[in-house]
Amino acid sequence: MPLTGTRDLTAIAGSAPLLTSLDTDPWELKGAQHLQLHYELGGDRQALLPPALHPSIPPTLLVNVTHVPDSEVGAFNLATVRVGCRAGARPRGLLVRGYCDSAAATSVLRERWGYPIDLADVWFKPGYARAATSVTVDGEVVLEGELVDPQPITGADVQYMASLNLARVSRDGEEKALLLQVDPDFTFERAQRGRPRLKVFDAEAWNLPGASAAHPISASLTTVDITLPSLRYLVHPERDPLGAVERLPQPQPA
């Protein structure tokens, strides 16, 4: 029998963003720097996922930090920690909490794409020998990590999973906890890979109780144009995986 999650996400959905519309235009973020630290997940993988999702094999933890140098709301840093999973046959990353260092960007990401993020101090410094990052919440460091010994590769060697963002959606007079699929387009300018090193990971601060970064897998650092898309799919977290995915209506060309 395929494994499925056992987590009731409604227990943490109260702090997730509330969307009254699922219509949003794409947003292009040029010249971003994107760091990913990829680890094998320690802990009860099924307890971290809802019934609609299958855990990945091996179970994985994805730490992502993005520096956007300029946008319509200014520069910002975004940090997320996701649990690797599958929605049906598709690989995805479940996001239940993240952090951003810009109040304006936090509002846009929450209101348009349902990112369950809060304001915090997100620090990111790429360098010649390493790319380092940290996240500090109310004076406490909840994440500290780095990519070491970067080596050049091509963008074709890098693949990023789409996110499933925990949000509350109001439709037909009813509010429900749902997972919004956000699958950005990436146009790579530069890419490097190296070894991941995670020095601090406070699982509770990321709404992932019991999770740990058990074994390093890989790390990448890219310079990339990112386009956040219109929303196309959502997942009903409490349903059986075969009936959990809903395709959203798309605007028809004129």
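Caption draft 1: Representation of unusual backbone geometry within the structure. Cis rather than trans, the peptide bond between Ile-57 and Pro-58 has omega equal to 0 degrees. By the element assignment, Pro-58 lies in the loop between β3 (54-55) and β4 (60-68). Positive phi is not limited to glycine here, since Asp-138 has a value of about 50 degrees. Mapped onto the secondary structure, Asp-138 falls in the loop between β10 (130-137) and β11 (140-153). When its relative accessible area of 78% is taken as the criterion, Asp-138 is described as exposed.

Caption draft 2: Local environment of the environment of Arg-82. Inspection of the secondary structure puts Arg-82 in strand β5 (residues 76-87). When the C-alpha positions of Arg-82 and Leu-198 are compared, they lie 14 Å apart, and in sequence the two are 116 residues distant. If near-sequence neighbours (up to four positions away) are discounted, Arg-82 is found in contact with Gln-36, Thr-60, Leu-61, Leu-62, Asn-64, Gly-93, Leu-94, Leu-95, Met-161, Ala-162 and Ser-163. At a separation of 3.1 Å, a polar atom in the side chain of Arg-82 contacts the side chain of Asn-64. Polar side-chain contacts of Arg-82 include one of 3.0 Å to the backbone oxygen of Met-161.

Caption draft 3: Main features of the environment of Gly-31. Looking at the secondary structure, you find Gly-31 in strand β2 (residues 27-42). Residue Gly-31 is classed as partly exposed on the basis of its relative accessible area, which comes to 29%. On a C-alpha basis, the gap between Gly-31 and Leu-228 in space is 14 Å, while along the polypeptide they are 197 residues apart. Not counting residues up to four positions away in its chain, the partners in contact with Gly-31 are Pro-69, Val-224 and Asp-225.

Caption draft 4: Expanded view of the pattern of salt bridges. Evaluated as defined, the whole model comprises 12 salt bridges. As a salt-bridge pair, Arg-232 and Asp-183 come within 2.4 Å of each other at their nearest N and O atoms. Of this pair, Arg-232 sits in the loop between β15 (212-228) and β16 (233-235) while Asp-183 sits in the loop between β13 (174-182) and β14 (185-201), and the two are 49 residues apart along the sequence. Relative accessible area serves as the criterion here: at 17%, Asp-183 is assigned to the buried category. It is possible to trace a salt-bridge network through shared partners that takes in Arg-130, Glu-146, Arg-197 and Lys-199.

Caption draft 5: Spotlight on the environment of Arg-86. Position of Arg-86 among the secondary structure elements: in strand β5. Among the residues examined, Arg-86 registers a relative accessible area of 36% and is labelled partly exposed. Every residue in contact with Arg-86, bar those within four places of it in the chain, is listed here: Ala-52, Leu-53, His-54, Pro-91 and Arg-92. Among the polar contacts made by the side chain of Arg-86, one reaches the main-chain carbonyl oxygen of Ala-89 at a distance of 2.6 Å.

Cut-offs applied
- Residues numbered from 1 in each chain as written.
- Predicted model: local features only at pLDDT ≥ 70, side-chain atom pairs only at ≥ 80, totals over all residues.
- Heavy atoms only, no water.
- Helix = DSSP H or I, 4+ residues; strand = E, 2+ residues; numbered from the N terminus.
- Buried < 20%, exposed > 50% of the residue type's maximum accessible area, 1.4 Å probe, protein only.
- Contact = heavy atoms within 4.5 Å.
- Polar contact = N/O pair within 3.5 Å; in protein donor to acceptor, adjacent residues only side chain to side chain.
- Salt bridge = Lys/Arg side-chain N within 4 Å of Asp/Glu carboxyl O.

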